[in-house]
Amino acid sequence: MQLTVWTYEGPPHVGAMRVATGMTGLHYVLHAPQGDTYADLLFTMIERRDHRPPVTYTTFQARDLGKDTAELFMTAARDAYERFKPQAMIVGASCTAELIQDDPAGLAETMGLGCPVIPLELPSYSRKENWGASETFYQLVRGLADKTRRPPPAVGEAGPRRPRANLLGPTALGFRHRDDVVEITRLLDQLGIDVHVAAPMGATPADLVRLGEADFNICLYPEIAAQACSWLERTFRQKTVKTVPIGVNATREFVAEVCEAAGVMMPGAVDQGRMGWWSRSVDSTYLTGKRVFIFGDGTHAVAAARVASEELGFKVVGLGCYNREFAREIRAAAEKYGVEPLITDDYLVVEDAIAAAAPELVLGTQMERHIAKRLRLPCAVISAPVHVQDFPARYSPQMGFEGANVLFDTWVHPLVMGLEEHLLTMFRDDFEFSDAAGPSHLGHASAAAHAPAASAEPAPAAETAPAPAPSGRDDQASATKQPSGWTDEALAELGKIPFFVRGKARRNTERYAAEHGVDSITRETLYEAKAHYAR
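Bear in mind the structure is a predicted one, so any value in this text is a computation, not a measurement. (Residues numbered from 1 in each chain as written. Predicted model: local features only at pLDDT ≥ 70, side-chain atom pairs only at ≥ 80, totals over all residues. Heavy atoms only, no water.)

Peer 1: Outline the sheet that holds strand 9 (residues 216-219), listing residues and values.
Peer 2: Spatially, the four strands line up as an open sheet ordered 8-7-9-10, and their pairing is parallel. What marks the edges here is a single partner per strand, and that holds for strand 8 (194-199) and strand 10 (239-241). Strand after strand, the sheet turns through a mean of 25 degrees between neighbouring axes, direction not considered. Strand contacts of helix 8 (residues 222-236): strand 7 (164-168), strand 9 and strand 10, with the helix running at about 160 degrees to strand 9, the strand carrying the most contacts. (Pairing = 2+ DSSP bridges. Helix = DSSP H or I, 4+ residues; strand = E, 2+ residues; numbered from the N terminus. Axes fitted to C-alpha atoms, helices over the stretch in contact; angles between N-to-C directions. Contact = heavy atoms within 4.5 Å.)

Encoded structure:
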């Protein structure tokens, strides 16, 4: 076990809570000590939900360990059923309660409660949150789906019916899941296809009973729904649409796969949004070749890399995920883009990889947002885990053609616009754009990002000191000899670089000088460093 300040995934019982919280009519009885009730905050604070998760905790304390804690669980389960009268219940133990081995699953089977009870076996010390959500949804589908249900005839008394699909995978606390479901439902309607059940988010246990009545399934979030879709395919012979519709190209492929599964004709024209046009326009030429580092859950990271490379012309210089279950997909994508795959749940390792890649944009989770802020890099969030600002009140999907519009805006806005860059370079000697005039509308730009004007006086120590190691730890680079300072000629040349990239140029040059044993940085050193990092 590793102690850490941040974590990409919680224990598997948090994944079970995400499923339970997204549904209605389902209650979760969790055998857990008092401290494990922290999980409520994840939903009420971060997701801005107006009610707490449907979870009853046994909340045993240290003094209870000498008593019968199994009886505490059974009492909590009975009370929860009498109070909430759910259509179904799930029962399990948190990581701490797992150690006392009370077996909530076995206890629940003997209680004779008045609703279906689905036991969960979630190994807390070998699995994590996304796996827990996937296992919980799979057990619910397997335990509740009526195996006798089948789709109604394609032609009935009222004439031909529209094909119907199940949308599977969205949960509470998922990254833009709420809006993705709306967007994909709207897209399916344009194709003449109905959504039969969207689950787990928005569904009831009764909805899961009738999953077999759909013609096919759409696996929106493989981390959550892939296992359940595989079981439905075996049990009901339902096809599974596996293309994740993130980006224009993937959404087109999604439409083709959906139409094939539904047996309908491909439409002649579907509203494909503005992203494709904008990314081909002259205003977007400044995006070409921008270096981007991508990290998140496996599905969103792979999708983001494809959009960045194929649709925006970025160069992928780093790609990774934190959920090891998707390591194969990440490795395949990394090979495609010619980068080393990064499979880790240690954010310090991710920070070091970002610093080494020296990207111009970071696409990641809220962890990478913090890392990018430390490294003074622009960042956009593409994946959970996320914070409260990534649950906006506005409509902001990631999937479908409207989702592609959102991606374009979200990823491009952190970058300096091409025309702005051109004008700042053109007028860099104008008094309004001089360093003495300050950074104007950018306001709070760090002083470390601005070079001092060339003069006979030496630069202040704070200006010539090398940047600290990215993670604050000693490493080999920090042990090398650092340059003593910049020549006036080099400082004058540095001052010609636009201020919004000057800090990066300065840091790269100082790092290059340190690694090559250069004592005093000259203009030639500056250009040698530029050529070195441009390769």
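Picking up after the structure, the text goes on.
Peer 1: Would you mind going over empty space enclosed by the protein in detail, with residue names and values included?
Peer 2: Within this structure, the stated rule accounts for two cavities of 30 Å³ or more. Here the largest cavity is characterised by a volume of approximately 110 Å³. The residue makeup of the lining of the largest cavity, split by class, is five nonpolar, four polar and three charged. Taken domain by domain, the lining of the largest cavity gets at least three of its residues from each of domain 2 (155-262) and domain 3 (275-412). Within this model, the second largest cavity holds a volume of roughly 50 Å³. Residue lining of the second largest cavity: Ile246, His300, Ala303, Ala304, Ile382, Gln398, Leu407 and Trp411, and that is the complete set. When contributions to the lining of the second largest cavity are tallied by element, the ones reaching two or more residues are helix 11 (298-311) and helix 15 (400-412). With three residues, helix 11 is the largest single contributor of residues to the lining of the second largest cavity. A breakdown of the residues in the lining of the second largest cavity according to their chemical character gives six nonpolar, two polar and no charged. (1 Å grid on protein atoms, 1.4 Å probe; cavity = no way out; pocket = protein on both sides within 12 Å on 5 of 7 lines; lining within 4 Å. Points joined across faces, edges and corners; volume = space filled by probe spheres on them. Nonpolar A, V, L, I, M, F, W, Y, C, P; charged D, E, K, R; others polar. Domains from an automatic or database assignment.)

Peer 1: Help me get a handle on the sheet that holds strand 13 (residues 341-343), residues and values and all.
Peer 2: As summarised here, the arrangement of the five strands in space is 13-12-11-14-15, forming an open sheet in which the pairing is parallel. Of all strands in the sheet, those with a lone pairing partner are strand 13 and strand 15 (379-381), marking the two edges. The sheet shows a mean angle of 15 degrees between the axes of neighbouring strands, taken without regard to direction. In terms of strand pairing, strand 14 (residues 361-364) meets strand 15 through three bridges, oriented parallel. Across the sheet, the residue bridging to Leu363 is Ala380, located in strand 15. Packed onto the sheet, helix 12 (residues 327-337) meets strand 12 (315-321) and strand 13 and runs at close to 170 degrees relative to strand 12. In the packing of helix 13 (residues 347-357) onto the sheet, contacts are made with strand 11 (291-296), strand 12, strand 13 and strand 14, and the angle to strand 11 comes to roughly 170 degrees.

Peer 1: So what's going on with helix 13? Residues and values would help.
Peer 2: Considered for burial, the residues of helix 13 that qualify are Tyr347, Val350, Glu351, Ile354, Ala355 and Ala357. Mapping the buried residues of helix 13 onto a view down its axis gives an arc of 165 degrees, with all of them on the same face. The N-terminus of helix 13 is capped by Asp346, whose side-chain oxygen sits 2.9 Å from the backbone nitrogen of Leu348. Immediately beyond the C-terminal end of helix 13, within one or two residues, lies Ala358, with a positive phi of roughly 50 degrees. (Buried < 20%, exposed > 50% of the residue type's maximum accessible area, 1.4 Å probe, protein only. Arc of directions from axis to C-beta. Polar contact = N/O pair within 3.5 Å; in protein donor to acceptor, adjacent residues only side chain to side chain.)

Peer 1: Requested: an account of the packing of aromatic side chains, with residues and values cited.
Peer 2: The geometry of an aromatic ring pair comes down to the distance between the two centres and the angle between the two planes. This structure, assessed with the given rule, holds four aromatic pairs. Relative to Phe295, the ring of Tyr8 has its centre 5.4 Å away and its plane inclined at 50 degrees; by these criteria the two rings are tilted. One end of the pair, Tyr8, is in the segment before helix 1 (12-22); the other, Phe295, is in strand 11, and 287 residues separate them in sequence. Take Tyr8 and Phe295: they sit in the same class, and that class is buried. For the ring pair Tyr8 and Tyr322, a centre distance of 5.0 Å and an interplane angle of 10 degrees mean the geometry is stacked. Remark: Tyr322 occurs in the loop between strand 12 and helix 12 and Tyr8 occurs in the segment before helix 1; sequence separation between them is 314 residues. Take Tyr8 and Tyr322: they sit in the same class, and that class is buried. Grouped by ring-pair contacts, the aromatic residues Tyr8, Phe295 and Tyr322 constitute a single cluster. (Phe/Tyr/Trp six-rings, centres within 6.5 Å; stacked < 30°, edge-to-face > 60°.)

Peer 1: So what about the side chain of Thr344? Which residues, and what values?
Peer 2: The topology assignment puts Thr344 in the loop between strand 13 and helix 13. In terms of polar contacts, Thr344 uses its side chain to reach the backbone amide nitrogen of Asp346, at 3.0 Å. Filtering out sequence-adjacent residues up to four positions away, Thr344 remains in contact with Phe295, Cys321, Tyr322, Arg324, Val349 and Val350.

Peer 1: Hey, could you go over the environment of Glu109 for me, with residue numbers and the actual values?
Peer 2: By the secondary structure assignment, Glu109 is in helix 4 (residues 104-109). In this structure Glu109 comes out as exposed when scored by relative accessible area, which is 64%.

Peer 1: I'd like a rundown of the pattern of salt bridges, residues and numbers included.
Peer 2: Tallied over the full model, the rule gives 24 salt bridges. Of the charged contacts, one joins Glu82 and Lys85 as a salt bridge, the two residues approaching to 3.4 Å between their closest N and O atoms. Asp189 serves as the salt-bridge partner of Arg162, at 2.7 Å between the closest nitrogen and oxygen. Pair noted here: Arg162 is in the loop between strand 6 (159-160) and strand 7 and Asp189 is in helix 6 (residues 177-190), with a separation of 27 residues, a long-range link. For Arg162, a relative accessible area of 32% gives the class partly exposed. Three or more residues joined by partner-sharing salt bridges are found here, namely Glu253, Arg306, Glu310 and Lys336. (Salt bridge = Lys/Arg side-chain N within 4 Å of Asp/Glu carboxyl O.)

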